[in-house]
Amino acid sequence: MNDPRIDLEHVRGVRTLRAHPETIDDLLALNGIPRTMVQAYLARGDALTPVPGWTRLAEVPPDIERVVVRALRNTLFETILPWGEDTRSPGVGAGSAGISLESGVAAAQGALLDADRAKEMVTRQVVDFAHEYGVSGRGCVFGVSGGGDSNALAFGLARALPSDRLNAFTLVFRDVMTAAAADRATVLCQDLGIAHQVYSEDETATLLRLRTSLPDMYADFQDAFGEEAVHFFGTFLILRAARTIARERGFGDLAFGYNREDLLAEVTFTLMNGRAPLAYPIRPLGDQRIVMPVWRAPKVLLDACHPRFSLENYRERDAHTTRQRSLAFYLGHSYDSTYPGFGMSILDGASRSFAGSFGPLLHNAELDVFVTEDATTERIERVRLALSRHLPEVP
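Residues numbered from 1 in each chain as written. Predicted model: local features only at pLDDT ≥ 70, side-chain atom pairs only at ≥ 80, totals over all residues. Heavy atoms only, no water.

Per the secondary structure count, the chain includes 14 helices and 15 strands. For the chain, the C-alpha atoms occupy an extent of roughly 85 × 45 × 45 Å along the three principal directions. Relative to its 395 residues, the chain shows a buried fraction of 42%. Considering only contacts in the chain between residues 6 or more positions apart, those separated by 24 or more positions represent 70%. Carbon and sulfur atoms make up 53% of the accessible area of the chain, which amounts to about 21,600 Å² in all. A gap of 3 Å separates the mean positions of the 41 positive and 51 negative side-chain charges of the chain. (Helix = DSSP H or I, 4+ residues; strand = E, 2+ residues; numbered from the N terminus. Buried < 20%, exposed > 50% of the residue type's maximum accessible area, 1.4 Å probe, protein only. Contact = heavy atoms within 4.5 Å. Areas by Shrake-Rupley, 256 points an atom, 1.4 Å probe, with all protein chains shown as cover. Lys, Arg positive; Asp, Glu negative; His and termini not counted. Charge placed at Lys NZ, Arg CZ, Asp CG, Glu CD.)

Structure below.
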């Protein structure tokens, strides 16, 4: 039997994953059982001795007859965990997982997603979204990075909107938004017939009417917030560019490739910090709107639309991020990993719970940015000190 090594590639290197469970907790995770839902015991005859889940299986004393893992709740595990017949077929492509209930027993389901099938699914979501929220009538600008989310979004928008109501752009900045990614975005938009422009660092400075240069502005931002916050600066640039281009084109909507896990990370982060989440899938910004046509799609589905471009994009990424951002995304991806479809249930429930009471975004006229209620006077001042000498003067 082939037992290949399994490597996790991430922004800071490669880690070979353990192939076999070493602890009781590992074994619980392998079987989909929450470790806080059980207590483990070592059994010597009728005597049971509690032990922690991190107990190593290889270190269990030889006189132990068995390890007992006792469920702490009255739980119908057979209706939740896929203990029924597994009918999933092996194959090539991304996978979409699910669970069905047949005769009171849960069973694993799975569908293979090739690029054509993934594009079809995403396009249907985007077309339905654009119709429901009137995106074509308002006109739409979106940034395309050459990565999975925005590439899939581009494919869907090209089918959903007339070409004269759609405009795409790509910014090039350091190793966050690379020239190679811009090349991929250009090829994609040409193939889809989408008007698209790539902005170099100098061209971005001109577009945003900066009084200095983009590197100078980032240098001040880095001094204030650190190198690890470079992706926040990139997001700031993309949104500001989208707003500017939309005004120039007379368009009202700014489309972003926020996917299911993006929103789960954001909603989780805001709730755990005691704040109402920001509005989704439509987020008003003055007379403009951020629209999120693929908000229901899991990231793996978006990546499956252009698998080669997605992989290239991931392998080009820099290693800069923050622990808080990493944790938010880890938790965001944990919902559906714990139980298929759970994440979408959370987002649907939260959107109903916070309807009419999403967290507000207030316009700061001096900086021409929208800030959340969490933006204290001190925090806004830090941003002002970092950026004000670079941004255009307010009339």
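Our next topic: helix α5 (residues 179-192). Helical geometry: 3.6 residues make up each α-helical turn, so side chains three or four residues apart lie on a common side. An ideal rise of 1.5 Å per residue puts 20 Å on 14 residues; α5 measures up with 20 Å between its terminal C-alpha atoms. The complete set of buried residues in α5 reads Ala181, Ala182, Arg184, Ala185, Leu188, Cys189 and Leu192. The arc enclosing the buried residues of α5, seen along the axis, measures out at 160 degrees, which places them on a common side. Residues of α5 that are exposed and angled more than 90 degrees away from the buried face: Asp183, Gln190 and Asp191. Glycine 193 sits one or two positions beyond α5 and adopts a positive phi of about 75 degrees. (Expected span 1.5 Å × (residues − 1). Arc of directions from axis to C-beta.)

Under the definition given, this model contains 14 aromatic pairs. When the centroid spacing of 4.6 Å and the interplanar angle of 45 degrees are considered together, the rings of phenylalanine 129 and tyrosine 133 count as tilted. A residue pair is termed a helical-turn pair when its members lie 3 or 4 positions apart in one helix, as phenylalanine 129 and tyrosine 133 do in helix α2 (residues 115-133) at four residues. The class for phenylalanine 129 is buried, based on a relative accessible area of 5%. Ring pairs connect the aromatic residues Phe173, Tyr218, Phe221, Phe225, Phe233 and Phe236, which therefore count as one cluster. The cationic tip of arginine 159 hangs over the ring face of phenylalanine 155; the distance from NZ or CZ to the ring centre is 4.3 Å. Seen from the ring of phenylalanine 232, arginine 325 lies directly overhead, with NZ or CZ sitting 5.9 Å from the centre. (Phe/Tyr/Trp six-rings, centres within 6.5 Å; stacked < 30°, edge-to-face > 60°. Lys NZ or Arg CZ within 6 Å of the ring centre and 35° of its normal.)

Let us look at unusual backbone geometry. Residue proline 281 is reached from tyrosine 280 by a cis peptide bond, and omega for that bond is 0 degrees. If you trace the backbone, proline 281 turns up in the loop between α9 (260-272) and β12 (282-285). Although it is not a glycine, arginine 209 sits at a positive phi angle of roughly 55 degrees. Along the chain, arginine 209 falls in the loop between α6 (201-207) and α7 (214-225). Here the phi dihedral of aspartate 368 falls at roughly 55 degrees; this positive angle occurs in a residue that is not glycine. Counting through the fold element by element, aspartate 368 comes out in the loop between β14 (361-364) and β15 (369-372).

On to the sheet that holds strand β5 (residues 66-71). Read across the open sheet, the three strands follow the order β4-β3-β5; overall the sheet is antiparallel. Two strands in the sheet have a free side with no partner beyond their single neighbour: β4 (47-51) and β5. Neighbour-to-neighbour, the strand axes of the sheet open up by a mean angle of 35 degrees, direction not taken into account. The pairing of strand β3 (residues 38-44) with β4 spans five bridges and is antiparallel. (Pairing = 2+ DSSP bridges. Axes fitted to C-alpha atoms, helices over the stretch in contact; angles between N-to-C directions.)

We now examine the nonpolar core. Within the largest apolar cluster, 77 residues are counted, with the highest numbers of intra-cluster contacts made by Phe142, Leu157, Met217, Phe233 and Leu237. Sequence-distant contacts of phenylalanine 142, defined by excluding residues within four places in its chain, comprise Ser150, Leu153, Ala154, Leu157, Leu166, Asn167, Ala168, Phe169, Ile194 and Ala255. Grouped together as the second largest cluster of nonpolar side chains are eight residues, Ile24, Leu28, Val38 and Val51 included. (Core = buried A, V, L, I, M, F, W, Y, C linked by side-chain atoms within 4.5 Å.)

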